[in-house]
Amino acid sequence: MSSVENVVILGTGPAGLTAAVYAARANLKPLCVEGIQPGGQLTITSDVDNYPGFPEGVMGPELMVSFRKQAERFGTRFEIGDVEKVDLSQRPFTLTLASGKTIQSQTLIIATGASAKWMGIPSEKKLMGKGVSSCATCDGFFFRGMDIAVVGGGDTAMEEATFLTRFAKSVSVIHRRDALRASKVMQDRAFNNPKIKFIWNSGIEEIIGTDEVDAIKVKNFNSGAVQEVPVKGVFVAIGHQPNTKLFKGQLTMNEAEYLIVSPGTTKTNVPGVFAAGDVADHVYRQAVTAAGTGCMAAIDAERFLEAAH
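The structure presented is a predicted model; accordingly, all values stated were derived computationally and were not measured.

A. Geometry of the pairing of strand β11 (residues 147-151). With four of its five residues buried, β11 lies for the most part within the structure. Examined bridge by bridge, β11 and strand β12 (residues 170-174) share five bridges and lie parallel to one another. Across the sheet, the residue bridging to V150 is V173, located in β12. Note that the unit made of β11, helix α5 (residues 155-164) and β12 has a crossover that is right-handed. Looking at chain direction, β11 and strand β17 (residues 233-236) are connected through four bridges and run parallel. Pairing of V151 across the sheet is with V236, part of β17.

In structure tokens form, the structure reads like this:
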């Protein structure tokens, strides 16, 4: 067993890497554990136009390389591997990696993020970032004056569809049932918007296009009929899954499995364990808010360590 770390950070998206910058500058010598998607969701986003300080915009992967270099510059160490088990019952906390290696730490910052749920068809993966997106706030602007489709029937889907009508010529909502799951308010807003039309009891079979989206093949589940709908963008809005499976039974979560922190802090129900970014945020889910809570988590951890001495 090697020595006990001051702070271990799980995740290398905006939250984890900002926490690393702050923790490293506070001389806590943080160890960052990189999981399956280093750099987080921004690595599948091509153009980021809403991150402050980049008037010309920046590519998502490029932004994450800069975040990482900044964390490294102040002495952050990186460990590549998936955490398979955590024991938060006593301090120091113990993490077990898939390789069998164990790490002990006085504090833990969880920045494991959330993953967008996808339809799971090959053409979706191929055209991701080339017209296929899971974030209207991030990418809606690129579809000015175009026809686009939104997949889903919940609040997120209605919110995205309504938001996209600011830019798009038309928005087709494709839903596998004949009624929406969304709240009454969101439904009314969508039904009353002349730019939104609905394709019920249907799903996308294929997204057509080579370097960009040209059309979608939509199958009606009742009749089996397939129609081709010309669109330039497909927004998949069937929800997000926070990456919290590891912490079940140890940390308090809401019904959607997001970690619960005490308001105005990043503190979880276990003293010394902090949560930052999308793993604890189902509302805003932006790179800049994730970075903000990453900063908070590092400061919370630093103060916790000071008080514990």
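B. Structural view of the sheet that holds strand β16 (residues 226-230). Reading across the sheet, the three strands line up as β14-β15-β16 and stay open at both edges, with antiparallel pairing between neighbours. The open sheet has two edge strands, β14 (202-208) and β16, and neither has a second partner. With strand direction ignored, the average angle separating the axes of adjacent strands in the sheet is 30°. As paired strands, strand β15 (residues 215-220) and β16 are joined by five bridges and run antiparallel to one another. Along β16, the bridge assignment pairs V218 with Q227.

C. Expanded view of a positive patch on the surface. A cluster of like positive charges, contributed by K117, R176, R177 and R181, occupies part of the molecular surface. Position of K117 among the secondary structure elements: in the loop between β9 (114-116) and α3 (122-126). Since its relative accessible area comes to 35%, K117 is described here as partly exposed.

D. Molecular detail of the layout of surface pockets. Roughly 320 Å³ of volume is contained in the second largest pocket. Along the wall of the second largest pocket there are 24 residues; nearest its centre are V261, G277, A280, D281 and T293. Ranked by residue count, the leading element in the lining of the second largest pocket is helix α7 (residues 287-308), at four residues. Across the lining of the second largest pocket, the residue classes break down as 12 nonpolar, 10 polar and two charged.

E. Looking closely at the packing of aromatic side chains. By the definition in use, this model includes nine aromatic pairs. Ring centres of F198 and W200 lie 5.0 Å apart, and the angle between their planes is 5°; on these two criteria the pair is classed as stacked. By relative accessible area, W200 is classed as partly exposed at 27%. Through pairs of rings, three or more aromatic residues link up here, namely Y51, F54 and F67. Here the basic side chain of R25 rests over the ring of F74, its NZ or CZ set 4.9 Å away from the ring centre. Note that R68 overlies the ring of F78, its terminal NZ or CZ placed 3.9 Å from the centroid.

F. Spotlight on the pattern of salt bridges. Taken as a whole and assessed by the stated rule, the structure comprises 11 salt bridges. Its salt-bridge partner being K169, residue D147 comes within 3.9 Å of it at the nearest N-O pair. With D147 in strand β11 and K169 in the loop between α5 and β12, the pair connects residues that are 22 residues apart, well separated along the chain. In this structure, a network of salt bridges that share partners links the residues E34, R68 and E72.

G. Quick look at the side chain of T165. Following the sequence through the fold, T165 ends up in the loop between α5 and β12. Polar contacts involving the side chain of T165 include one to the side chain of N193, which spans 3.2 Å. Here T165 is in contact with V171, N193, K195 and I196, once residues within four sequence places are set aside.

Rules behind the numbers
- Residues numbered from 1 in each chain as written.
- Predicted model: local features only at pLDDT ≥ 70, side-chain atom pairs only at ≥ 80, totals over all residues.
- Heavy atoms only, no water.
- Buried < 20%, exposed > 50% of the residue type's maximum accessible area, 1.4 Å probe, protein only.
- Helix = DSSP H or I, 4+ residues; strand = E, 2+ residues; numbered from the N terminus.
- Pairing = 2+ DSSP bridges.
- Right-handed = clockwise from strand over helix to strand, strands pointing away.
- Axes fitted to C-alpha atoms, helices over the stretch in contact; angles between N-to-C directions.
- Patch = residues over 30% accessible without salt bridge, like charges linked within 9 Å, V, L, I, M, F, W, Y side chains within 5 Å.
- Areas by Shrake-Rupley, 256 points an atom, 1.4 Å probe, with all protein chains shown as cover.
- Salt bridge = Lys/Arg side-chain N within 4 Å of Asp/Glu carboxyl O.
- Lys, Arg positive; Asp, Glu negative; His and termini not counted.
- Charge placed at Lys NZ, Arg CZ, Asp CG, Glu CD.
- 1 Å grid on protein atoms, 1.4 Å probe; cavity = no way out; pocket = protein on both sides within 12 Å on 5 of 7 lines; lining within 4 Å.
- Points joined across faces, edges and corners; volume = space filled by probe spheres on them.
- Nonpolar A, V, L, I, M, F, W, Y, C, P; charged D, E, K, R; others polar.
- Phe/Tyr/Trp six-rings, centres within 6.5 Å; stacked < 30°, edge-to-face > 60°.
- Lys NZ or Arg CZ within 6 Å of the ring centre and 35° of its normal.
- Polar contact = N/O pair within 3.5 Å; in protein donor to acceptor, adjacent residues only side chain to side chain.
- Contact = heavy atoms within 4.5 Å.

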